[in-house]
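These are the residues of each chain, in order.
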Amino acid sequence: MTNIQTESTNLFTVSSDQQKLRKYNVSSFAEIWENKETSAKSLHSTRKFFPEDIITEIKITKYVDKPSYLSVQIDEAKHIMLKPEYLQYINHSCDPNVFFDTKNMQVVCLKSIEIGDAMTFFYPSTEWSMTQPFDCLCGSTKCLDKIQGAAYLSTDISKLYQLNEHITNKIKTH
Ligand SMILES: [Zn+2]
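Residues numbered from 1 in each chain as written. Predicted model: local features only at pLDDT ≥ 70, side-chain atom pairs only at ≥ 80, totals over all residues. Heavy atoms only, no water.

Undergrad: Outline the coordination of the zinc ion, listing residues and values.
TA: At this site the zinc ion is bound by Cys-94 (SG), Cys-136 (SG), Cys-138 (SG) and Cys-143 (SG), with donor distances of 2.3 to 2.4 Å. Coordination at the zinc ion is tetrahedral: its four donor atoms span angles of 106 to 112 degrees at the metal. Taken in chain order, the donor set of the zinc ion reads C-x41-C-x1-C-x4-C. In this pair, Cys-94 is assigned in the loop between strand S8 (91-92) and strand S9 (98-101) and Cys-138 in the loop between strand S12 (134-135) and strand S13 (146-147), connecting sequence segments 44 residues apart. Pair check on accessibility: Cys-94 and Cys-138 agree, each one buried. (Donors = N, O, S within 2.8 Å, 3.2 Å for Na, K, Ca; no water. Tetrahedral: all angles 85-135°; square planar, octahedral: opposite > 155°, others 65-115°. Helix = DSSP H or I, 4+ residues; strand = E, 2+ residues; numbered from the N terminus. Buried < 20%, exposed > 50% of the residue type's maximum accessible area, 1.4 Å probe, protein only.)

Structure (structure tokens):
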């Protein structure tokens, strides 16, 4: 999930230069788009979704002791590997259109998603302190620049996002 891409940049690339992309259909609702030049992958919707739609259930393949760029934090000390595996290609955005609900174990639509849109989620909504912080290039006007996990968000910023309970609880006692 380290591929840092933006919805807007992506869509631009596609409409102007289809041959730069390789597309893999991975489910009834999504395909992976791979940029042939950079090998960056992202997950794109093949149908419309509306806010609060449940996009898919999240299953756990295994728990990992040490978080990595591929794991997702679901509790204070629990990190999981995702199933379906293609969910790892839902990249970060500071203006996300999906939410990983780790309580109900579902990927939920936050903002209307059109066919071809990249699905993105806000990493700090699940991750407290990331092992691999990065400089965000999501291109959103709301971009926070450096993404390191919820521990590094100001109170004002954290209020702007839907976050999981294990994160909001930590913020309260932080
Ligand atoms: Zn950003």
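Undergrad: So, the layout of surface pockets: which residues are in play, and what are the values?
TA: Sizing a probe to match a water molecule and rolling it over the atoms shows the empty space that remains. Here the largest pocket is characterised by a volume of approximately 170 Å³. Looking at the largest pocket, the residues that line it are Cys-94, Asp-95, Pro-96, Leu-110, Lys-111, Lys-142, Leu-144, Ile-157, Leu-160, Tyr-161 and Gln-162. Partitioned by chemical class, the residues of the lining of the largest pocket number seven nonpolar, one polar and three charged. (1 Å grid on protein atoms, 1.4 Å probe; cavity = no way out; pocket = protein on both sides within 12 Å on 5 of 7 lines; lining within 4 Å. Points joined across faces, edges and corners; volume = space filled by probe spheres on them. Nonpolar A, V, L, I, M, F, W, Y, C, P; charged D, E, K, R; others polar.)

Undergrad: So what about the packing of aromatic side chains? Which residues, and what values?
TA: Counting across every chain of the model gives six aromatic pairs. Centroid distance Phe-100 to Phe-121: 4.1 Å. Interplanar angle 20 degrees. Geometry classified as stacked. Of this pair, Phe-100 sits in strand S9 while Phe-121 sits in strand S11 (residues 120-121), and the two are 21 residues apart along the sequence. Look at Phe-100 and you get buried, because its relative accessible area is 0%. Overall, Phe-121 belongs to the buried group, its relative accessible area being 1%. Grouped by ring-pair contacts, the aromatic residues Phe-100, Phe-121, Tyr-123 and Phe-134 constitute a single cluster. A cation over a ring is seen here: Lys-23 above Trp-33, with NZ or CZ 4.1 Å from the ring centre. Stacked on the ring of Phe-49, the Lys or Arg Arg-47 has its end atom at 4.0 Å from the ring centre. (Phe/Tyr/Trp six-rings, centres within 6.5 Å; stacked < 30°, edge-to-face > 60°. Lys NZ or Arg CZ within 6 Å of the ring centre and 35° of its normal.)

Undergrad: So what about the sheet that holds strand S2 (residues 30-35)? Which residues, and what values?
TA: Pairing is antiparallel across the open sheet formed by three strands, whose spatial order is S1-S2-S3. The strands lining the two open edges of the sheet, one partner per strand, are strand S1 (21-25) and strand S3 (41-45). Direction aside, the axes of adjacent strands within the sheet are offset by 30 degrees on average. As paired elements, S1 and S2 share five bridges and run antiparallel to each other. Bridge pairing in S2 links Leu-21 to Asn-35. (Pairing = 2+ DSSP bridges. Axes fitted to C-alpha atoms, helices over the stretch in contact; angles between N-to-C directions.)

Undergrad: Which residues make up unusual backbone geometry, and what are the values?
TA: Residue Pro-84 is bonded to the preceding Lys-83 through a cis peptide linkage, with omega at -5 degrees. The phi dihedral of Ser-39 falls on the positive side, at around 65 degrees, and the residue is not glycine. Checked against the element boundaries, Ser-39 lands in the loop between S2 and S3. With a relative accessible area of 41%, Ser-39 lands in the partly exposed category. Positive phi, close to 55 degrees, is recorded for Met-105, a residue that is not glycine. Tracing the backbone through its elements, the reader meets Met-105 in the loop between S9 and strand S10 (106-109).

Undergrad: Give a description of the side chain of Asp-101 that names residues and reports values.
TA: Its place among the elements puts Asp-101 in strand S9. For the buried Asp-101, no salt bridge exists, and the shortest N-O distance to an oppositely charged side chain is 7.6 Å, to Lys-103. In this structure, Asp-101 is in contact with Ile-58, Gln-106, Val-108 and Asn-164, ignoring residues within four places of it in sequence. (Lys, Arg positive; Asp, Glu negative; His and termini not counted. Salt bridge = Lys/Arg side-chain N within 4 Å of Asp/Glu carboxyl O. Contact = heavy atoms within 4.5 Å.)

Undergrad: Hey, could you go over the nonpolar core for me, with residue numbers and the actual values?
TA: Membership of the largest hydrophobic core comes to 39 residues, with the highest contact counts inside it found for Ile-55, Ile-90, Val-98, Phe-100 and Met-119. If you list the elements that add at least two residues to this core, you get S2, strand S6 (72-75), strand S7 (78-83), S9 and S10. Beyond its immediate stretch of four places on either side in the chain, Phe-100 contacts Ile-58, Leu-82, Leu-87, Ile-90, Gln-106, Val-107, Phe-121, Thr-126 and Asn-164. (Core = buried A, V, L, I, M, F, W, Y, C linked by side-chain atoms within 4.5 Å.)

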